[in-house]
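Here are the chains, one letter per residue:
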Amino acid sequence: QVQLVESGGGLVQPGGSLRLSCAASGFSSSRYVMSWYRQSPGKERELVALITIPGGSTNYGDSVKGRFIISRDNVKNTLSLQMNSLKPEDTAVYYCYARLLIRGAFNDYWGQGTQVTVSS
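Residues numbered from 1 in each chain as written. Predicted model: local features only at pLDDT ≥ 70, side-chain atom pairs only at ≥ 80, totals over all residues. Heavy atoms only, no water.

Re the sheet that holds strand S7 (residues 68-73)
So, point 1. The strand order across the open sheet built from four strands is S1-S3-S8-S7, with neighbouring strands paired in antiparallel fashion. Each of the sheet's edge strands pairs with one partner strand only, and the pair in question is strand S1 (3-7) and S7. With strand direction ignored, the average angle separating the axes of adjacent strands in the sheet is 15°.
So, point 2. Two elements, S7 and strand S8 (residues 78-83), share six bridges in a ladder whose sense is antiparallel. What sits directly across from isoleucine 69, in S8, is glutamine 82. (Pairing = 2+ DSSP bridges. Helix = DSSP H or I, 4+ residues; strand = E, 2+ residues; numbered from the N terminus. Axes fitted to C-alpha atoms, helices over the stretch in contact; angles between N-to-C directions.)

As structure tokens, then:
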């Protein structure tokens, strides 16, 4: 059973920082893409950032470039999103997403989401 569990969300003031984590378990893969998406009420899910393995290349949504950093801890099998200079428009439920190559086929998995609220 593949499991993705997000944590680290909460309430933060504009200009503040938060670090989200996604604990991954239940799989073994040498090729995958892990991403953070977010969704606000009435809006479609938006790609925030992604990282590809192998290689470690990263990509960011235009709205978060220069403020957010995605990283992968291979020892702890954890995906992180460091969010800096937070803005009210960053308020959303943040989801961890993984596309994994397992036994020659790609499989997609989602975490349950964690709420981030940026407000004074």
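Structural notes on the pattern of salt bridges
A side chain of one charge can pair with a side chain of the opposite charge if their charged atoms are brought near each other.
So, point 1. Summed over all chains, the structure comprises five salt bridges.
So, point 2. Of the charged contacts, one joins arginine 38 and aspartate 90 as a salt bridge, the two residues approaching to 2.9 Å between their closest N and O atoms. Here arginine 38, found in strand S4 (residues 32-39), pairs with aspartate 90, found in the loop between S8 and strand S9 (92-102); they are 52 residues apart in sequence, far enough to count as distant.
So, point 3. One salt bridge connects arginine 67 with aspartate 90, and the closest N-O pair in it is separated by 2.7 Å. Of this pair, arginine 67 sits in the loop between strand S6 (58-60) and S7 while aspartate 90 is found in the loop between S8 and S9, placing the two residues 23 residues apart along the sequence.
So, point 4. When its relative accessible area of 10% is taken as the criterion, arginine 67 is described as buried.
So, point 5. Salt bridges here are not isolated pairs; linked through shared partners, they connect Arg38, Glu46, Arg67 and Asp90. (Salt bridge = Lys/Arg side-chain N within 4 Å of Asp/Glu carboxyl O. Buried < 20%, exposed > 50% of the residue type's maximum accessible area, 1.4 Å probe, protein only.)

Structural notes on the environment of serine 29
So, point 1. Turning to its location among the elements, serine 29 is positioned in the loop between strand S3 (18-25) and S4.
So, point 2. The buried category is assigned to serine 29, whose relative accessible area is 16%.
So, point 3. Excluding anything up to four places from it in sequence, serine 29 contacts Leu100 and Leu101. (Contact = heavy atoms within 4.5 Å.)

Overview of the pairing of S3
So, point 1. Of the two faces of S3, only one is covered, namely that formed by Leu18, Leu20, Cys22 and Ala24; the face formed by Arg19, Ser21, Ala23 and Ser25 stays uncovered.
So, point 2. Two strands pair when backbone bridges link them, and S1 and S3 are joined in this way by five bridges, in the antiparallel orientation. Looking at S3, one finds that serine 7 is bridged to serine 21.
So, point 3. Pairing of S3 with S8 involves six bridges; the strand directions are antiparallel. Opposite serine 21, over in S8, you have serine 80 as the bridge partner.

Some points on the pairing of strand S10 (residues 105-110)
So, point 1. Both S9 and S10 contribute to a ladder of six bridges, which runs antiparallel. Bridge pairing in S10 links tyrosine 97 to tryptophan 110.
So, point 2. Linking two consecutive strands that pair antiparallel, namely S9 and S10, is a turn of two residues; a positive phi of about 55° is found at arginine 103 within it.

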